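Listed here are the chains, written in short residue letters.
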Amino acid sequence: MYEPIRTKSVHSTMAGSTPAFPHRSREEELEIQLAGHLAALLAVTDELRALAPGDELDAAAERLAGQVARLRGGEAPARIPLTADENPARLADLHRRAHTLAGRALVVAASRADTAAAILAAERMDAHTAALQPPALATR
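The following paragraphs examine the structure supplied in this document. (Residues numbered from 1 in each chain as written. Predicted model: local features only at pLDDT ≥ 70, side-chain atom pairs only at ≥ 80, totals over all residues. Heavy atoms only, no water.)

Once that is clear, we can look at the overall build of the chain. Helix and strand counts for the chain stand at 4 helices and 0 strands. Reading the chain from its N terminus to its C terminus gives the helix and strand order α-α-α-α. Burial statistics for the chain: of 140 residues in total, 30% are counted as buried. Taking as baseline every contact in the chain between residues at least 6 positions apart, the subset at least 24 positions apart corresponds to 73%. Taken as a whole, the chain presents about 9700 Å² of accessible surface, with 58% of it coming from carbon and sulfur. (Helix = DSSP H or I, 4+ residues; strand = E, 2+ residues; numbered from the N terminus. Buried < 20%, exposed > 50% of the residue type's maximum accessible area, 1.4 Å probe, protein only. Contact = heavy atoms within 4.5 Å. Areas by Shrake-Rupley, 256 points an atom, 1.4 Å probe, with all protein chains shown as cover.)

Shown next as structure tokens:
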């Protein structure tokens, strides 16, 4: 009366079987997180370069791009084209955001014992902290 089912059921139990989706290791998850934090820091650095161009920010952007590419298996990160911004008041906000992102990258880099990324993140934190400090008064 009924035709027998000829295909496997799409409704299956998890008992006794392995999941059909891949699992990542903790190390892979940390690598993905670190690449994401460094890519976000690169995007903010590119925004800062548009507002206040300089050799130091250019060098930092290239180093960040190199680290992101290394973590992504050689895939170059997306970059923001440099265009002049009309609102220089955003400069301090961008430095604060970059400092926060560098701090997050430092924590993840330390978790994975990635010395190169940790050093770069710490250097960027120092640079953004210095950029937020008021200029020292000249003493005679």
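Picking up where we left off.
Glycine aside, residues mostly have negative phi, and peptide bonds are mostly found in the trans state. For Ala-113, which is not a glycine, the phi torsion comes out positive at approximately 60°. The class of Ala-113 is exposed, set by a relative accessible area of 62%.

Another aspect to go through is the side chain of Arg-124. With respect to the element layout, Arg-124 can be found in helix 4 (residues 115–132). If sequence neighbours within four positions are ignored, Arg-124 has contacts with Leu-41, Glu-56, Leu-57, Ala-60 and Ala-102.

With that out of the way, let us pick up the environment of Ala-69. By secondary structure assignment, the location of Ala-69 is in helix 2 (residues 55–71). Ala-69 sits 30 residues away from Ala-39 along the chain, and the two C-alpha atoms are 9.4 Å apart. Contact partners of Ala-69, with chain neighbours within four places excluded, come to Gly-74, Glu-75, Ala-76 and Pro-77.

It is the contact of helix 2 with helix 4, at a shortest axis distance of 11 Å, that shows an interaxial angle of 150°. Here helix 2 lies roughly antiparallel to helix 4, going by the angle between them. Crossing angle aside, the handedness with which helix 2 passes helix 4 is left-handed. Of the residues in helix 4, those in contact with Glu-56, Leu-57, Ala-60, Arg-63, Leu-64, Gln-67 and Arg-70 of helix 2 are Ala-116, Ala-117, Leu-120, Glu-123, Arg-124 and Ala-127. A per-class count over the contact of helix 2 with helix 4 returns 7 nonpolar, 1 polar and 5 charged. (Axes fitted to C-alpha atoms, helices over the stretch in contact; angles between N-to-C directions. Parallel < 35°, antiparallel > 145°, perpendicular 65-115°, else oblique. Left-handed = near helix turned anticlockwise from the far one by under 90°. Nonpolar A, V, L, I, M, F, W, Y, C, P; charged D, E, K, R; others polar.)

Geometry only, nothing functional implied.
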